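Coordinates in review
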Amino acid sequence: MPFSSLTDPTDLARAFASLEAVWSQVKASVPPSEHEKERERIAYLVAGFAPLALDEDDLTRNVLFQLERDVAA
């Protein structure tokens, strides 16, 4: 469970909101057969960045930046 490490309710709410924001931006570029796997990968990225984020927007930007770096590599 990606968000099991988040104990602060604010961090948890921010993580869920950010996951939805990121997913809505990348879903169309992911083949349907990969949706579940990619959404889970994004959830783990969100969970990893959540404690460092200033707010939900910062968290979303950081995850999107990481995804872009992964594609470029």
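Please refer to the structure placed before this passage.
Definitions and limits used
- Residues numbered from 1 in each chain as written.
- Predicted model: local features only at pLDDT ≥ 70, side-chain atom pairs only at ≥ 80, totals over all residues.
- Heavy atoms only, no water.
- Axes fitted to C-alpha atoms, helices over the stretch in contact; angles between N-to-C directions.
- Helix = DSSP H or I, 4+ residues; strand = E, 2+ residues; numbered from the N terminus.
- Parallel < 35°, antiparallel > 145°, perpendicular 65-115°, else oblique.
- Left-handed = near helix turned anticlockwise from the far one by under 90°.
- Contact = heavy atoms within 4.5 Å.
- Nonpolar A, V, L, I, M, F, W, Y, C, P; charged D, E, K, R; others polar.
- Expected span 1.5 Å × (residues − 1).
- Polar contact = N/O pair within 3.5 Å; in protein donor to acceptor, adjacent residues only side chain to side chain.
- Phe/Tyr/Trp six-rings, centres within 6.5 Å; stacked < 30°, edge-to-face > 60°.
- Core = buried A, V, L, I, M, F, W, Y, C linked by side-chain atoms within 4.5 Å.
- Buried < 20%, exposed > 50% of the residue type's maximum accessible area, 1.4 Å probe, protein only.

Here's the deal with the packing of helix α2 (residues 35-49) against helix α3 (residues 56-72)
- Axis separation between α2 and α3 bottoms out at 10 Å; the angle between their running directions is 125°. Here α2 is positioned oblique relative to α3, judged by the angle of their axes. The way α2 lies across α3 gives a crossing that is right-handed. Here Glu38, Arg41, Ile42, Leu45, Val46 and Phe49 of α2 come into contact with α3, specifically with Leu59, Asn62, Val63, Gln66, Leu67 and Asp70.
- Here the residues of the contact of α2 with α3 sort into 7 nonpolar, 2 polar and 3 charged.

Description of α3
- The terminal C-alpha atoms of α3 lie 24 Å apart, and with 17 residues this matches the ideal 24 Å at 1.5 Å per residue to within 8%.
- Where α3 is buried, its residues contact α1 (9-26) and α2.
- Here α3 starts with a cap whose side-chain oxygen sits 3.1 Å from the backbone nitrogen of Asp57, and that cap is Asp55.

Overview of the packing of aromatic side chains
- If you walk through the whole model with that rule in mind, you get 1 aromatic pair.
- Geometrically, the ring pair formed by Phe3 and Phe16 is edge-to-face, given 4.8 Å between the ring centres and 85° between the ring planes. Here the residue Phe3 occupies a position in the segment before α1, and Phe16 occupies one in helix α1, the gap between them amounting to 13 residues.

Some thoughts on the nonpolar core
- Ranked by internal contacts, the top residues of the largest apolar core, which has 19 residues, are Phe3, Ile42, Val46, Val63 and Leu67.
- When residues of this core are traced back to their parent elements, those giving at least two are α1, α2 and α3.
- Other than its neighbours up to four places away in sequence, Phe3 contacts Leu12, Ala15, Phe16, Leu19, Ala43, Val46 and Ala47.

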